[in-house]
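A structural walkthrough
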Amino acid sequence: MLNDVVIRFLYSAIAKDVVERAIDTGRRVLTDCFGLSCLMTMCGKDSCLLLLDRSFTILAVHAKDKPQLKELVGKCFDISYKPKIDSDTVAKFVRDLNEPGKVILYFYHKSGEEEGLDYYLCFATDKEEDDIPKFLVNTAKNINDIAAVVNKYNAEKKYELLVRFLDHIEDGISACDKDGRFVYVNKMCCEMTKTPREEFIGRSIDEFVTNSFLLKILNKKTSIVDYEYFLKFKGNAMHLYNSGYPVFDDSGNIIGAIDIFRSMKRSRKLANTIAGYEATFRFDDIIGESPAIKERISLAKTFSQSTANILIQGESGTGKELFAQAIHNYSARKSEPFVAVNCANFPNELIDSELFGYEEGAFTGARKGGKPGKFELANGGTLFLDEVSEMPIHLQAKLLRVLETTSITRIGGSKPFFVNVRVIAATNRDLEEMVRDGKFRADLYFRLKVLYISIPPLRERREDIQVLADSFLKKLGKAINKEVEGIDPKARRVLSLHSWPGNAREMENTLSRALCVCKGKYITEDDLLVSGLHPAGRKFISQKEQMDTNRKAVMETLKLTGGNKRRAANLLGVSRQTIYRLLED
């Protein structure tokens with residue numbers, strides 16, 4: 001049994017104001033190895049062995065039949081008991097006690113290159129032992145050897161885990177040292193370059209490419225973020241979107257660089273998702289029971305399986321874009337972008353750059369880094385050109401060139417971009433007549449009209465009026481949290497007899513206003529009148545009466561939207577300027 005002298009001394013050597021200390025990963029490895037290395041020791045009943053860190057915090061205690069000494073773990077010796085000894089030497093200290101005797105402490109300081117292997121061994125006994133210094137040195141060696149192996153294993157496991165994480169990232173990652181040699185590439189980088197990892201590691205970047213993004217980072221010693229460039233790798237051209245970062249040591253010296261890159265196609269897909277360039281409507285969203293609309297749906301489904309361009313013709317409000325989106329979502333391109341451009345919404349000088357993009361510095365006000373055009377953004381998917389009849393004649397020639405060559409060149413640029421885009425064009429005008437009048441190019445007309453769908457107006461498919469009205473009423477009621485039970489018979493008759501020059505869009509806006517002013521459970525004929533719909537054969541109301549009813553509809557709508565004029569304008573199908581004008585009059 002360990003004698004009371006040693007125990008009493010060890011407890012007295014602990015400072016009264018001890019603090020508990022957290023043991024990090026390195027210390028835990030050291031502690032575990034201390035236990036393993038001391039399974040066979042010279043520690044008997046009159047001695048014990050302690051493992052201390054550099055601050056003399058006790059990490060572990062090895063003593064036979066004295067479990068109470070385990071309470072010392074996490075505490076530290078009083079500063080007056082810390083010996084000043086050099087590494088790899090054994091220092092002997094004798095502590096005389098008046099009663100019942102003395103305690104001999106042997107301290108051995110072991111410092112290692114491995115992290116967490118700088119420590120003290122303390123052997124406490126009340127007897128002289130000649131071979132204690134040798135025992136401490138051998139024990140320290142065992143601890144170091146085992147801990148080094150464990151640390152290396154843990155580091156390799158951590159590295160293996162990190163590599164596994166990075167291999168599951170869908171972006172390419174590569175890193176080089178300060179001399180421009182690859183030190184790491186992830187799985188996606190290997191897949192994009194079609195090169196195994198073993199061919200990269202240790203080899204100079206110059207062996208593979210001449211315009212490496214990593215070398216630019218090394219030379220500039222600064223980050224380059226969101227950079228678009230073309231890379232020729234083993235004879236293959238890649239269009240990439242990169243961000244690269246230099247890596248420095250603690251002294252500020254550059255030790256390497258890392259870049260994260262993805263294909264431009266994937267970057268555009270992400271940008272399209274954020275910008276909302278996606279089709280939301282499907283054929284199930286096209287409401288109608290008439291043979292005419294069912295025939296067009298069937299035709300559109302057939303056309304969706306082709307990659308040929310489509311021309312959709314129909315009056316305003318008939319749902320041309322709805323058909324275009326449904327065709328896209330029914331095609332093999334459904335997972336790719338759907339980009340819509342209204343050719344009538346852009347000034348002539350801007351639509352060129354919107355469609356084809358521009359390079360940095362192409363003109364005054366050009367965005368730094370340039371800007372991709374709608375053709376680039378739609379690459380792999382569908383480009384919907386609404387109101388294509390409004391496209392300027394000079395731009396029609398460029399569009400024809402793109403359709404013939406399947407490539408574009410940005411404004412101010414010289415490199416062509418090959419694009420795989422299916423074009424769906426729509427118009428509410430007679431393009432054949434415009435061709436005869438010289439207002440639309442005949443060659444472009446035939447390029448666009450490979451496949452053709454003509455959407456009939458609502459007045460030619462009156463059997464769809466009631467089913468459309470019920471559908472709109474249900475949707476609009478949910479939008480403003482005001483649902484009615486339906487439309488009364490007189491109001492339905494008014495709807496059926498109306499000519500609907502604005503087609504489905506006019507009906508939706510009319511019912512939106514009627515829902516806002518409705519006071520009962522059903523939409524009535526008067527509600528439709530207030531909403532601006534004039535029944536067939538009924539005398540038109542005066543302009544003042546119309547303004548009053550419009551103002552009333554606006555006020556009711558503003559109550560429902562909590563005063564939000566933008567939302568009220570959307571519900572009523574008018575502009576915000578109209579809302580302000582009606583409120584001011």
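Up top is the structure these notes are about.
Let us look at the structure shown here. From a predicted model like this one, the values you see are computed outputs, not experimental measurements.

Reading guide: rules and limits
Residues numbered from 1 in each chain as written. Predicted model: local features only at pLDDT ≥ 70, side-chain atom pairs only at ≥ 80, totals over all residues. Heavy atoms only, no water. Core = buried A, V, L, I, M, F, W, Y, C linked by side-chain atoms within 4.5 Å. Buried < 20%, exposed > 50% of the residue type's maximum accessible area, 1.4 Å probe, protein only. Helix = DSSP H or I, 4+ residues; strand = E, 2+ residues; numbered from the N terminus. Contact = heavy atoms within 4.5 Å. Patch = residues over 30% accessible without salt bridge, like charges linked within 9 Å, V, L, I, M, F, W, Y side chains within 5 Å. Areas by Shrake-Rupley, 256 points an atom, 1.4 Å probe, with all protein chains shown as cover. Salt bridge = Lys/Arg side-chain N within 4 Å of Asp/Glu carboxyl O. Pairing = 2+ DSSP bridges. Axes fitted to C-alpha atoms, helices over the stretch in contact; angles between N-to-C directions. 1 Å grid on protein atoms, 1.4 Å probe; cavity = no way out; pocket = protein on both sides within 12 Å on 5 of 7 lines; lining within 4 Å. Points joined across faces, edges and corners; volume = space filled by probe spheres on them. Lys, Arg positive; Asp, Glu negative; His and termini not counted. Polar contact = N/O pair within 3.5 Å; in protein donor to acceptor, adjacent residues only side chain to side chain.

Further remarks concern the nonpolar core. The tendency in soluble globular proteins is for nonpolar side chains to be buried side by side. Of all hydrophobic cores here, the largest spans 31 residues; its most connected members are Leu355, Phe375 and Leu385. Those elements that provide at least two residues to this core are strand 12 (338–342), helix 10 (348–356), helix 11 (374–377), strand 13 (382–386), helix 12 (393–405), strand 16 (422–427), helix 13 (431–436) and helix 14 (442–448). The element contributing the most residues to this core is helix 12, with five residues. Look past the residues within four positions of Leu355 in its chain and what remains in contact with it is Val341, Gly373, Lys374, Phe375, Leu385, Met391 and Leu395. Within the second largest apolar cluster, 25 residues are counted, among which are Cys189, Ile217, Tyr229 and Ala257.

What follows is about a nonpolar patch on the surface. Nonpolar side chains collect at one region of the surface, where Val225, Tyr245 and Ile260 lie side by side and expose about 230 Å² of accessible area between them. Within the secondary structure, Ile260 sits in strand 10 (residues 254–263).

Take the pairing of strand 16 next. Burial analysis of strand 16 places six of its six residues in the buried class, which makes it a mostly covered element. Burial along strand 16 is two-sided: the residues Arg422, Ile424 and Ala426 and Val423, Ala425 and Thr427 are all buried. As judged from the four bridges shared by strand 11 (residues 310–313) and strand 16, these two strands associate in the parallel manner. Across the sheet, the residue bridging to Ile312 is Ala426, located in strand 16. With four bridges connecting them, strand 13 and strand 16 associate as parallel partners. By the bridge assignment for strand 16, Thr382 is matched with Arg422.

Moving on, we get to the sheet that holds strand 7 (residues 182–185). Pairing within the open sheet is antiparallel, and its five strands lie in the order 7-6-10-9-8. The sheet is open, and its two borders are formed by strand 7 and strand 8 (224–233), each paired with just one other strand. Adjacent strand axes in the sheet meet at a mean angle of 30°, parallel and antiparallel pairs treated alike. Of the strand pairs in this sheet, strand 9 (residues 236–248) and strand 10 are connected by nine bridges, and their pairing is antiparallel. By the bridge assignment, Leu240 is partnered in strand 10 with Ser263. Docked against the sheet, helix 6 (residues 213–220) engages strand 6 (172–177), strand 7, strand 8, strand 9 and strand 10, running at close to 145° with respect to strand 10.

Here we come to empty space enclosed by the protein. Applying the stated rule across the entire model yields two cavities of 30 Å³ or more. Counted as a void, the largest cavity has a volume near 160 Å³. Along the wall of the largest cavity there are 16 residues; nearest its centre are Ser174, Phe182, Leu231, Asp259 and Phe261. Secondary-structure elements contributing two or more residues to the lining of the largest cavity are helix 4 (187–193), helix 6, strand 8 and strand 10. Among the elements that take part in the lining of the largest cavity, strand 8 stands out by supplying three residues, more than any other.

Attention now moves to the side chain of Arg333. Residue placement: Arg333 occurs in the loop between helix 9 (320–330) and strand 12. One buried charged residue, Arg333, remains without a salt bridge, the closest side chain of opposite sign being Glu336 at 7.8 Å. From its side chain, Arg333 meets the backbone oxygen of Gly381 in a polar contact 3.0 Å long. Setting aside residues up to four positions removed in sequence, Arg333 forms contacts with Thr307, His328, Gly380, Gly381, Thr382, Asn420, Val421 and Arg422.

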